[in-house]
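# Breakdown of the fold
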Amino acid sequence: MVKWVGGKTKLLPELLARMPERFNRYYEPFAGGAALFFRLAPRRAVLADANHDLVGLYTAIKKDANAVIRQLKLHRDSHDEAHYYETRTRWNDREVSWSTPERAAAFIYLNKTCFNGLWRVNRSGAFNVPIGRYTDPPICVPEALHAAQQVLSRAEIRRADYRTAIADAKAGDFLYFDPPYDPVTTTANFTSYTADVFGADEQRALADTARALVAKGCMVMLSNSDTPFMRSIYKGFRVERVKCPRAINSNAAKRGDVDELIITGGY
Ligand SMILES: C[S@@+](CC[C@H](N)C(=O)[O-])C[C@H]1O[C@@H](n2cnc3c(N)ncnc32)[C@H](O)[C@@H]1O
């Protein structure tokens, strides 16, 4: 649907292999591109993120995918450099009043045509990525949006901090947490999905939340970078190292496989 930094598409086989066989409700409170959610297509789910635009997008598709598709066709037909920058300016202008499908379509359009598909906002929350070089970007794929609508129709979508989003989880529910990464090096500090940061204290608080959920009878799976700090805060959980091709670094030469942890508990 949207390309998102930290997207889990490449890690899906590893995640699927470590899921519990049975669960009641599925929770994904750091949804991002929600790769696992869309792959699983759960019967009952809570999909949440702190990012307002992302939640607006999923809500719009759930409600009326055809309205979003109509708007996307307009973007596809006018796509060029001038249209990209005009749309980016309007996106960042808080005075512009867009309908929900219009804003959702602009989000998909910018996401599919921006440089590297990297959704980055600056400190004040403005989207500032230049246009990418694509010959035929997949701006409007109606089948994909209809399929997403099907899956979203069975989910409750929440814009909230993860703690609020999962407050009603009960024994037998399964929660997948994919928080912003613990930086592997001090320069790899990509934290700008939203204008907020997710630092060491937040990682610790999340580990406490995971522990409380397991104590309540929930099943929990988390992914994060393989750092000594992450290993230290998930003592008592099953911690497994997997290889994950990651594309966070905008310098292609510095990309490459990094080790990732999949942490599970409660099953
Ligand atoms: C690593 S990304 C998720 C990637 C996703 N699994 C995928 O496949 O694309 C982390 C997400 O957490 C969200 N986020 C950051 N802090 C949060 C918080 N305190 N509560 C809920 N969501 C948060 C960000 O907006 C971002 O979308």
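Quantities reported herein were computed from a predicted structural model and do not represent experimental measurements.

Cut-offs used in this document
Residues numbered from 1 in each chain as written. Predicted model: local features only at pLDDT ≥ 70, side-chain atom pairs only at ≥ 80, totals over all residues. Axes fitted to C-alpha atoms, helices over the stretch in contact; angles between N-to-C directions. Helix = DSSP H or I, 4+ residues; strand = E, 2+ residues; numbered from the N terminus. Parallel < 35°, antiparallel > 145°, perpendicular 65-115°, else oblique. Left-handed = near helix turned anticlockwise from the far one by under 90°. Contact = placed C-beta atoms within 7 Å. pLDDT = per-residue confidence, 0-100. Near = placed C-beta within 6 Å. Nonpolar A, V, L, I, M, F, W, Y, C, P; charged D, E, K, R; others polar. Expected span 1.5 Å × (residues − 1). Buried ≥ 20, exposed ≤ 12 C-beta atoms within 10 Å, placed from the backbone. Arc of directions from axis to C-beta. Core = buried A, V, L, I, M, F, W, Y, C linked by C-beta atoms within 7 Å. Domains from an automatic or database assignment.

## As for the packing of helix 3 (residues 52-78) against helix 6 (residues 142-152)
Here helix 3 crosses helix 6 at 150 degrees, and the two axes come no closer than 9 Å. Considering their axes alone, helix 3 and helix 6 lie roughly antiparallel with respect to each other. The two elements helix 3 and helix 6 cross, and the hand of that crossing is left-handed. Between helix 3 and helix 6, the contacting residues are Tyr58, Ile61, Lys62, Ala65, Val68 and Ile69 on the first element and Pro142, Leu145, His146, Ala148, Gln149 and Leu152 on the second.

## Thoughts on the confidence of the model for the protein chain
Counting all residues, the mean pLDDT for the protein chain is 90, and 89% of those residues have values of 70 or more. Residue range residues 186-195 is modelled with pLDDT below 50. Its contacts to residues more than four positions away, or to other chains, number 18 contacts.

## Concerning the site of the ligand
Looking at the ligand, there are 22 residues lining it, with Gly6, Lys8, Phe30, Gly32 and Gly33 nearest. Of the residues that constitute the shell around the ligand, the class distribution is 12 nonpolar, 6 polar and 4 charged.

## With respect to helix 8 (residues 200-215)
For helix 8, with 16 residues, the first-to-last C-alpha span of 23 Å sits near the 22 Å given by 1.5 Å per residue. Of the positions making up helix 8, those classed as buried are Leu206, Ala207, Ala210 and Leu213. When helix 8 is viewed along its axis, its buried side chains cluster within an angular range of 120 degrees and face the same direction. Facing away from the buried surface of helix 8 by more than 90 degrees, the exposed residues are Asp201, Asp208, Ala212 and Ala215.

## Some details on the nonpolar core
Core analysis: the biggest nonpolar cluster contains 64 residues, and Leu47, Ile61, Val68, Ala104, Leu175 and Val220 have the highest contact counts within it. The element contributing the most residues to this core is helix 3, with 9 residues. Here this core spans two domains, and each of domain 1 (9-50 + 160-265) and domain 2 (58-123 + 133-148) adds at least three residues to it.

## Overview of unusual backbone geometry
With phi around 55 degrees, Ala34 is a residue other than glycine that occupies positive phi space. Tracing the backbone shows Ala34 in the loop between strand 1 (26-28) and helix 2 (35-40). Using a count of 28 C-beta atoms within 10 Å as the deciding quantity, one classes Ala34 as buried. A positive phi is found at Ala41, a non-glycine position, where the angle reads about 45 degrees. Its location among the elements puts Ala41 in the loop between helix 2 and strand 2 (45-49). Residue Ala41 is classed as partly exposed on the basis of its C-beta count, with 15 C-beta atoms lying within 10 Å.

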